[in-house]
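The lines below spell out each chain.
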Amino acid sequence: MTEYERPGPRSCFISHSYGDQTTLSACLERRFPNGWRPYVFPPLETPQQAISEHLIDAVTACDGFVYLDTPTSRGSFWVGFERNLAARLGKPVYAFHPRRPLVAFTRDRRAAADPIVSVLFNAAVREDVRIIGEIRDRIWDRYRFEIRGDQWTRLDNEARQMIDTEAGRANKLAVGGVVLLFLSNASVCNGFHDYLDPFAYRRAIKDMETPAGATAATFATLPPERTLVLWLGPPDRDRIEATLATMGATWAPYVRLLRAALEDHQRLVVRDGHGHLNAYDLDTMLARVTWAAIRADPRLARSYLQDLASKPRIHG
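An account of the accompanying structure is given in this report. Each chain has its residues counted from 1, running along the sequence as written. Given that this is a predicted model, residues contribute local features only at a pLDDT of at least 70 and side-chain atom pairs are listed and counted only at 80 or more, while totals for whole chains, interfaces and linings are drawn from all residues. Water and hydrogen atoms were dropped before computing side-chain values, which therefore reflect all heavy atoms in the structure.

Turning to the sheet that holds strand 6 (residues 117-120), a few remarks are in order. At least two DSSP bridges between two strands are required for those strands to pair. Secondary structure is summarised from DSSP: a helix means a run of H or I of at least four residues, a strand means a run of E of at least two, and numbering begins at the N terminus for each. Pairing within the open sheet is parallel, and its four strands lie in the order 6-7-8-9. Lying at the two open borders of the sheet, with one neighbouring strand each, are strand 6 and strand 9 (268-269). Inspection of the sheet shows strand 7 (residues 178-183) paired to strand 8 (residues 227-231) by five bridges, in the parallel sense. Of the residues in strand 8, the one forming a bridge with Leu181 is Val229. Contact between two residues is taken to exist if any of their heavy atoms lie within 4.5 Å; hydrogens are not considered. Here, axes are lines fitted to C-alpha atoms. For helices the fit covers the stretch in contact, and angles between N-to-C directions go from 0 to 180 degrees. Contacts from helix 11 (residues 252-263) reach strand 7 and strand 8, with the element oriented near 65° to strand 8.

Shown next as structure tokens:
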């Protein structure tokens, strides 16, 4: 960071909107709960903006969290995002009420409300499956956010249990869910496409069918505006384009999605050329998934925005 340093001991993250500077100043003049010292992070204006690589680190490092209880800050995506993250991480969350001179801070004990996510990856590429397992663990460790399929309780801890059944994915999409599609050069170009959940895969093998037969139909059901591509390494555009050019008409939805992902100037590459996971793009992934879900899921939008106006039940 430049003018903003890492939070020190007993710090409290102050979540606010860019247009709420007067309330922020009033908040900073008050005595904070538990003797915390206020920590102010530079405001982020739009969810499409690449998330600062230090934001989640800062929320994690602080002992407490305060958001400004004003219409301006309550209407901010980033305030909702940060408050939800703090709740997921188990931080004590407080609302600051500028018009209450005696009890300016009240405890907000609402649980985190997370976007509904459906994960897809080509299970035929063993290296991809291994990396996605690492990413699943990193996402849990960093955000306390789980990615798993709709039948995960019926299975042991195999990688395919992250993939939803066809019906499960349809149900998630119907209520505003977002698809996380993991791609790599190998997953596109290896000549075999297997995006099946464990039970569909077992049925296909038993009936001597190929998993690739169901893949084209799967991609035809994905809404492009709610499908977020995560590249497992830098994409080799020439190699991928050469592969896409050989695919027939039944693969048109898949080809369109892949080409849009290649054209995305803000594409997310969650693993660099040396094999290291990229925390910056993983953080951005969480913000972009949340933004896409909020636009499609009124329940989640209320939790992130208007519901911040509700009066906390417990004072402290």
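The next thing to look at is helix 4 (residues 77-88). Expected span of a helix, by definition, is 1.5 Å for each gap between consecutive residues, and there is one gap fewer than residues. The first and last C-alpha atoms of helix 4 sit 16 Å apart over twelve residues, in line with the 16 Å expected at 1.5 Å per residue. Each residue is assigned to one of three classes by its accessible area relative to the maximum for its type, calculated with a 1.4 Å probe on protein chains only: buried under 20%, partly exposed between the two thresholds, exposed over 50%. Counting buried residues in helix 4 gives twelve out of twelve residues, a clear majority hidden from the surface. Along helix 4, the positions that sit buried rather than exposed are Phe77, Trp78, Val79, Gly80, Phe81, Glu82, Arg83, Asn84, Leu85, Ala86, Ala87 and Arg88. Identification of polar contacts relies on pairs of N or O atoms within 3.5 Å, with a donor-acceptor requirement for protein atoms, meaning one able to donate a hydrogen and the other able to accept it, and with residues adjacent in sequence counted only if both atoms are side-chain atoms. A distance of 3.2 Å separates the backbone nitrogen of Trp78 from a side-chain oxygen at the start of helix 4, and that oxygen is part of Ser76. Positive phi shows up at Gly90, right after helix 4, with a value of about 80°.

Looking now at the packing of helix 4 against helix 12 (residues 279-296). Contact geometry for helix 4 and helix 12: axes closest at 11 Å, N-to-C directions at 115°. By the angle between their directions, the pair helix 4 and helix 12 is classed as roughly perpendicular. The way helix 4 lies across helix 12 gives a crossing that is right-handed. When helix 4 is examined against helix 12, the residues Phe77, Trp78, Phe81 and Arg88 are found in contact with a partner set consisting of Leu286, Ala287, Thr290, Trp291 and Ile294. Residue type decides the class: Asp, Glu, Lys and Arg count as charged, Ala, Val, Leu, Ile, Met, Phe, Trp, Tyr, Cys and Pro as nonpolar, and the leftover types, Gly among them, as polar. Classifying every residue of the contact of helix 4 with helix 12 gives seven nonpolar, one polar and one charged. Any angle that is under 35 degrees is reported as roughly parallel, and any over 145 degrees as roughly antiparallel; angles of 65 to 115 degrees are reported as roughly perpendicular and all others as oblique. Left-handed is the label given to a crossing in which the near helix is rotated counterclockwise from the far helix by less than a right angle, and right-handed is the label when the rotation is clockwise.

This brings us to the pattern of salt bridges. Salt bridge, as applied in this entry: a Lys or Arg side-chain nitrogen positioned within 4 Å of an Asp or Glu carboxyl oxygen. One pass over the structure, following the stated rule, counts 17 salt bridges. One salt bridge connects Glu134 with Arg130, and the closest N-O pair in it is separated by 2.5 Å. Note that Glu134 and Arg130 are positioned in helix 5 (residues 126-143) at a spacing of four residues, about one turn of the helix. Through salt bridges that share partners, Glu127, Arg130, Glu134 and Arg271 make up one connected network.

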